[in-house]
Amino acid sequence: MAYLTTNPATGKVEREFETITDAQLTAILEESEDCFRNDWSKRSIADRAAAIHRAADIIRDEQEAIAAIMSRDMGKLVGQAIGELQLSAAILDYYADTAAGFLTPKPLPDAPGATLHAQPLGILLAVEPWNFPFFQLARVVGPQLMVGNVVIAKHASNVPQCALTFESVMRRAGVPAGAYSNIFATTDQVGTVIDDPRVRGVTLTGSEKAGAAVAERAARNLKKSVLELGGSDAMIVLEDAPFEATVMNAMVGKMNNAGQSCVATKRMIVVGEERGKQFLEAMTAAMASLKAGDPLDPATTLAPVSSEGALQGLLRQIEAARAGGATVTLGGSRIDRGGSYLEPTILTDVKPDNPVYRQEIFGPVLTFHVVPDEASAIALANDVPFGLGGSVFTADLERGERVALAIESGMAFVNGPTWSTPQMPFGGVKNSGYGRELSQLGFGEFVNWKLVAIAPAGAMPPGADAAG
Ligand code: NAP
């Protein structure tokens, strides 16, 4: 398996990288273990934070150049790439700033003498997807390097230049080889890493198939895994949702990253026949107005999807939806220009027996539903195997919160699309995975909260009174 940059805007292969040899992998594992035991976990929090802050500074200083690399690897619009880089830098800064508080030993008030100490576990393997090639790495690396763990990252095979650039940023920031290592590994080599006793945990962001394979391997080795998998997030629009702001939010929720986001608005569910017609008209006009072009041109508003393979998969799903009774209200075809561009597409009449009804559609495709009331909207939102994010739009915030709580997901937003910030946890339920990244929850996923219980010298053993 080669690691290739195939520019999605042109379809041309621009760079090719060899996978690592088994001997190189062995050396990386040795270096990581040595670095964990003798260097990184021994450094002060301030020392680790200084390197992570420097990495954030480098990302911000070089954002234009890095954005171009991201765009050539996976087709992202340059403005959105810069937004992703700023978020990535903010994540690194946030965990560098907050680690000391998080890692402070916590005495247990109800158990005198007992304290929880945060200790790192060791080497973590991170298997990451291409869609947010810097953000995905930052949300593992920021928290986990601050905890004192070290990370071996296997990035997606279509973003090799992003993978190398991130590693270079880390190295130049003063994160030593061994604390963060990129590997161009095969699937078999990923298995070898998981099997290695020095590796103490695995986190994967990607598809259900990859998640199940990696989690199964980790479980056989009695290792913890965190899975951040796919989604089919619903956006519920209640009767009183303000019209224009809701359409603008729907567009950002749907079209960010050409719809290739796990938490993209994949299904829009509008309550009320008349409002349904109005929203469909507005969404059709807004999505039709996007202009395909070179993603490096700031005037372009519609990026290609990540690859020809991804485009073909989307076309197959659209065709299956149509054959299953759906109406293609907008788009549905490839755009006649070089590269892997898909017309912004809206599907209506997607009923429960349609093959795509319960599938994730990972691209600029919206399924649009009209329902009679709130209860039907919630039932439809929950009628998928996924449970990642979701959103509800309404002028009544209490009602919004109640509906948000009724959505079966790890995250739900009222009057905003599902979004990520450094401070908020990210993750799902059902087939969207388990565990969390970011926030204190994500920070703590790979920490040994070690109990140390201290009794006074000369204390009698527990149960001594009862034993008489
Ligand atoms: P994917 O095929 O699962 O790839 C993700 C990563 O897993 C890549 O590095 C890939 O390597 C690797 N991989 C694939 N099969 C593997 C296996 N059997 N063993 C070990 N590693 C394996 O996912 P994708 O289709 O590129 O990404 C899109 C999916 O990710 C969507 O479902 C999306 O919703 C989900 N996603 C979820 C989140 C979240 O936070 N919940 C965020 C972003 C994306 P190769 O590239 O070398 O195959």
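In this text, all values refer to a predicted model and were calculated from it rather than measured experimentally.

## What to know about the overall build of the protein chain
And then number 1: The helix and strand tally for the protein chain stands at 15 helices and 20 strands.
And then number 2: Whereas a compact globule of 468 residues would reach a radius of gyration of roughly 23 Å, the protein chain reaches 24 Å, a difference of no more than 12%.
And then number 3: Along the first, second and third principal axes, the C-alpha set of the protein chain runs to 80 × 60 × 40 Å.
And then number 4: Looking at the 468 residues of the protein chain, the share that counts as buried comes to 55%.
And then number 5: In the protein chain, the share of contacts with a sequence separation of at least 24, taken over all contacts with a separation of at least 6, comes to 73%.
And then number 6: Carbon together with sulfur atoms contributes 56% to the accessible area of the protein chain, which is approximately 18800 Å² in total.
And then number 7: Taking the 39 positively charged and 53 negatively charged side chains of the protein chain as two groups, their mean positions are separated by 3 Å.

## Regarding the pairing of strand β10 (residues 234-237)
And then number 1: Burial along β10 is two-sided: the residues Ala-234 and Ile-236 and Met-235 and Val-237 are all buried.
And then number 2: The parallel pair β10 and strand β11 (residues 267-271), bridged by helix α9 (residues 243-255), forms a crossover whose chirality is right-handed.
And then number 3: Relative to strand β16 (residues 391-393), β10 runs parallel, the two being bridged by three bridges. Bridged to Val-237 within β16 is Phe-393.

## Observations concerning the sheet that holds strand β17 (residues 413-414)
And then number 1: Taken together, the seven strands give an open sheet; going across it, the order is β12-β13-β14-β11-β10-β16-β17, and neighbouring strands pair in mixed fashion. Either end of the sheet is taken by a strand with one partner, and the two such strands are β12 (327-330) and β17.
And then number 2: Across the sheet, α9 touches β10, β11, β14 (365-371) and β16, and the angle it forms with β10 is around 175°.
And then number 3: Packed onto the sheet, helix α12 (residues 374-381) meets β10, β11 and β14 and runs at close to 165° relative to β11.

## Some words on the site of the ligand
And then number 1: Close to the ligand lie 29 residues, the nearest being Trp-130, Arg-139, Ser-207, Leu-229 and Glu-360.
And then number 2: Arg-139 has a polar side-chain atom sitting 2.6 Å from an oxygen atom of the ligand.
And then number 3: Within the contact set of the ligand, a nitrogen atom lies 3.5 Å away from a backbone nitrogen or oxygen of Glu-228.
And then number 4: A total of 910 Å² of accessible area belongs to the ligand in isolation, and the protein chains cover 83% of it.

## Overview of the domain arrangement of the protein chain
And then number 1: By the assigned domains, the protein chain splits into domain 1 (3-229 + 432-453) and domain 2 (233-414).
And then number 2: For domain 1 versus domain 2, the distance between C-alpha centres works out to 30 Å.
And then number 3: Listed as interface residues are 21 residues of domain 1 and, on the opposing side, 26 residues of domain 2.
And then number 4: In this structure, the connection of domain 1 to domain 2 is made through zero salt bridges.
And then number 5: Linking domain 1 to domain 2 there are eight residue pairs in polar contact (both at pLDDT 80 or more).
And then number 6: Looking at the side of domain 1 that touches domain 2, the elements that each hand over two or more residues are α3 (63-74) and α4 (78-103).
And then number 7: Split into classes, the residues belonging to the side of domain 1 that touches domain 2 amount to nine nonpolar, eight polar and four charged.

## Describing the side chain of Thr-418
And then number 1: With respect to the helices, strands and loops of the structure, Thr-418 is situated in the loop between β17 and β18 (429-430).
And then number 2: Judged by its relative accessible area of 5%, Thr-418 is buried.
And then number 3: One polar contact links the side chain of Thr-418 to the main-chain amide nitrogen of Gly-390, over a distance of 3.0 Å.
And then number 4: When near neighbours in sequence (up to four residues on either side) are disregarded, Thr-418 contacts Asp-233, Val-263, Gly-389, Gly-390, Met-411 and Phe-413.

Rules used throughout
- Residues numbered from 1 in each chain as written.
- Predicted model: local features only at pLDDT ≥ 70, side-chain atom pairs only at ≥ 80, totals over all residues.
- Heavy atoms only, no water.
- Helix = DSSP H or I, 4+ residues; strand = E, 2+ residues; numbered from the N terminus.
- Rg over C-alpha atoms; globule rule 2.2 N^0.38 Å.
- Buried < 20%, exposed > 50% of the residue type's maximum accessible area, 1.4 Å probe, protein only.
- Contact = heavy atoms within 4.5 Å.
- Areas by Shrake-Rupley, 256 points an atom, 1.4 Å probe, with all protein chains shown as cover.
- Lys, Arg positive; Asp, Glu negative; His and termini not counted.
- Charge placed at Lys NZ, Arg CZ, Asp CG, Glu CD.
- Right-handed = clockwise from strand over helix to strand, strands pointing away.
- Pairing = 2+ DSSP bridges.
- Axes fitted to C-alpha atoms, helices over the stretch in contact; angles between N-to-C directions.
- Near = heavy atom within 4 Å.
- Polar contact = N/O pair within 3.5 Å; in protein donor to acceptor, adjacent residues only side chain to side chain.
- Domains from an automatic or database assignment.
- Salt bridge = Lys/Arg side-chain N within 4 Å of Asp/Glu carboxyl O.
- Nonpolar A, V, L, I, M, F, W, Y, C, P; charged D, E, K, R; others polar.

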